[in-house]
Every structure is written in C-alpha cells, then in structure tokens.
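Descriptive analysis of the structure
Now for the letters of each chain:
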Amino acid sequence: MDVAHCYLDGNADAVEFCPHDSYHHVLAASTYTLQEGGNPSRRGSISLFSVDAAKDSLDLLYNVETSGVFDIKWSPPGGSANPFLAQADADGYVTIHSCCNGIEGAYLKNITSERISNSMCLYLEWNPSATSLTVGLSDGSVSILSFVESKLEIQEEWKAHDFEVWTTTFDTHHPNLVYTGSDDCKLNCWDLRDSPSRRRVFQDSKTHKMGVCCIQKSPHDPNTLVTGSYDECLRVWDLRSISKPVEETSIGLGGGVWRVKHHPYVPGLVLAACMHNGFATVSVKSGEAAVLETYKKHDSLAYGADWQKGEARRPEPVVATCSFYDKLLRVWRPGKDTLVAVL
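On a predicted model such as this, the values are computed, not experimentally measured, just so you know.

Our next topic: the overall build of the protein. The secondary structure content of the protein amounts to one helix and 28 strands. Computed over C-alpha atoms, the radius of gyration of the protein comes to 19 Å, within 12% of the 20 Å expected from 2.2 N^0.38 for 343 residues, which places it in the range of a compact globule. Taken over the C-alpha atoms alone, the protein extends approximately 50 × 45 × 45 Å along its principal axes. Counting across all 343 residues of the protein, residues that qualify as buried make up 59%.

Dropping the structure here:
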C-alpha cells in the first residue's frame, strides 16, 4: 500500500497531482504555518516532487517560500503548453506559477500575483478552459478572476455568505454556474450571467449541520455533485432539479470531510480527507454510498488528498495525502479490492 513519504517544512494542507501530459509524475504540496508572538505572521511554501510509484520513489524537485498557502490548484489540461499552478494565500493574494522543465526537473516560474482582498483567500478553482478562477474569501465574499495573456484581473466580487467561504467551484458541464459553501452551513449555486442581486439559483441551508468544507462536481456525471462538511458527512446530490437539488445520498465518515476528489477515470470512486479520521475511499453508485477503505497512517489533521492523473494505463491507482501538524506527506496505493468494488 505505501509507496513513499516525507516531511515538509511547514504544516501541510494541500497536495495536487498535475493533470497535464508529460507532467503526471509531478506532485505539488503546500504549507501554512502561523508564527505566533508579538508580531504574528503566516508563512508557507510550495514544493514540487517527482513520484514514481513503480520504484517507490518520491523525490523533491523544487521548493519556494511563500505567504501562508490555503489552497493550490493546477490548471485544466489543454489550455496552454505548460501547466499553471494557482495559489491562494493568507495575505489576500492569488498567484499564478508556470510549471517548467529544467535540467534538474520541474520547477515553478512566477507569472503574476494579484491582491484580491484585505481578507484571506481560502480556496480557488479554475474554470474548464483555464481562463478564469473562482476564489472563496474569509469575509464571506466570492471573487471571479480572469486570467488572459498571463494577467489576473478581478471581474467581479459579491457577498455570497455570512461567514468564511471554504469552497467554491465552477460547474464543469455548465461553466456559467458556480457553487459555494461556507461556515454558515449553506450550499449556494450562482449564475454568472445574472447581476449579483439576482444571481443565486438555489440555496440549501438545512441539510448541512455544520460548515460546508468542500464541493466537487463529478467529471463523469453532469447530474452529480458531492459535498463534504464539518458535520462528518459526505453527501451526493442529484442536480436534475435545478431550482433545488435533491439530496440523494449521505454517509458519515467519522471526521469532518475537508476535501473530496473524484477519481479522474473511474466513475463512482471518491477520495475523502476526513480531518480527525484519516482518509477514505468511497463508492458512490446507484444512489448508494459505501466506504471501501480507510487509511490512517497520518497522526494529525487529514487535509490534502488527490489521485495521480494518467492512471488509465496503470493497473492500480496512486494517491497522495498530507496531514497538518505533523507536516507529513504520503504517497500510497489503495487496496486492489477498492478498484474492483466500483468496476
């Protein structure tokens, strides 16, 4: 099951495998560390690793110090020759890095950085064409940024929630729709074609018993949306009723569900970071959800999780996970029964 592990230089909070061809081996990991005292500061870093699961290797390629990082996301493939890595940080900036190949392997080149807000940038996600991003802010606002000709510009911003916006994402099948989730326990959907005052398509304020931490649209089914919450439940939503999604499935995972990731090629296979209860792979099929496997080899808050891309040619999926206070990054393979259970 275990491929390799290492310790980062700060509290680990996000891991992301690159989805671009020729870069599937590249894994990005970020950190956020609060330096307390008379003059507190939030520092962080981004590291790039080369992962070769066949050789059980995890090699550091590049590291850069930054402001405290809350989230990182690779641009979708197809938009440019080189991948872009977007960074949301505690100083209110969104930064775009280009991933380049050097003599020593992949490295990051800073392309642009834009101060989005006096509040903290907590989460970001690209649209499918890699021409804009949606950003969740600590004051309850959401920003839509354009990224054209290597420049970031704020297109618009509106007050979307009462408290921190922990998660926001474009609908990959309908990019004019944006989903947001917040500490106010609300799941919202917004239509960017309307003015902010008329933009909200629907709001669910009763289902999540605590804050909404993560939202991800299924890449395989245009009618399926998955959410995670501090209330320890992973929920699967049926979006065919656009005025109000129908809650289809709910499963308790025994820890706040901080991140969810659909497998890039296998429909119905979901990876979840469950904060106080490690990591889990979950099967979501025919309106039912079931835990296939749990992974508890981290000794701290389970925060970052991702599938390695380019796995269509691999016999077994590969996963990267990270935990916060112990600064631990692990690469591992789910058990063989996990993949069999959803095929």
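So, next bit.
Turning our eyes to something else, we now look at the side chain of S182. Structurally, S182 can be placed in strand β15 (residues 177-182). Within polar-contact distance, the side chain of S182 engages the backbone oxygen of F163 at 3.3 Å. At a separation of 2.8 Å, a polar atom in the side chain of S182 contacts the main-chain carbonyl oxygen of E164.

The next thing to look at is the sheet that holds strand β5 (residues 57-67). Two orientations exist for strands paired in a sheet by backbone hydrogen bonds: parallel and antiparallel. An order of β2-β3-β4-β5 is seen for the four strands of this open sheet, with the pairing classed as antiparallel. Two strands bound the open sheet, and with one partner strand each, they are β2 (12-17) and β5. Shown here is a sheet whose adjacent strand axes are inclined to one another by a mean of 20 degrees, direction ignored. When β2 meets strand β3 (residues 26-35), the two strands line up antiparallel, connected through five bridges.

Another aspect to go through is the sheet that holds strand β11 (residues 132-137). What the four strands build is an open sheet, ordered β10-β11-β12-β13; its pairing is antiparallel. The sheet is open, and its two edges are formed by β10 (121-126) and β13 (151-159), each paired on a single side. Taken pair by pair, the neighbouring strands of this sheet meet at an average axis angle of 25 degrees, ignoring direction. In this structure, strand β12 (residues 141-148) lies alongside β13, joined through eight bridges in antiparallel fashion. By the bridge assignment for β13, S143 is matched with E157.

Here we take up the environment of D194. Mapped onto the elements of the fold, D194 is located in the loop between β16 (187-191) and β17 (200-204). Between the alpha carbons of D194 and N176 there is a distance of 9.7 Å; along the sequence they are 18 residues apart.

Once that is clear, we can look at the pairing of strand β14 (residues 165-170). Burial within β14 is extensive, with six of its six residues counted as buried. Looking at chain direction, β14 and β15 are connected through five bridges and run antiparallel. Opposite T167, over in β15, you have G181 as the bridge partner. Linking β14 back to β15 in an antiparallel pair, the connection comprises six residues.

How each quantity is defined
Residues numbered from 1 in each chain as written. Predicted model: local features only at pLDDT ≥ 70, side-chain atom pairs only at ≥ 80, totals over all residues. Heavy atoms only, no water. Helix = DSSP H or I, 4+ residues; strand = E, 2+ residues; numbered from the N terminus. Rg over C-alpha atoms; globule rule 2.2 N^0.38 Å. Buried < 20%, exposed > 50% of the residue type's maximum accessible area, 1.4 Å probe, protein only. Polar contact = N/O pair within 3.5 Å; in protein donor to acceptor, adjacent residues only side chain to side chain. Pairing = 2+ DSSP bridges. Axes fitted to C-alpha atoms, helices over the stretch in contact; angles between N-to-C directions.

What is shown is where atoms sit, not what they do.
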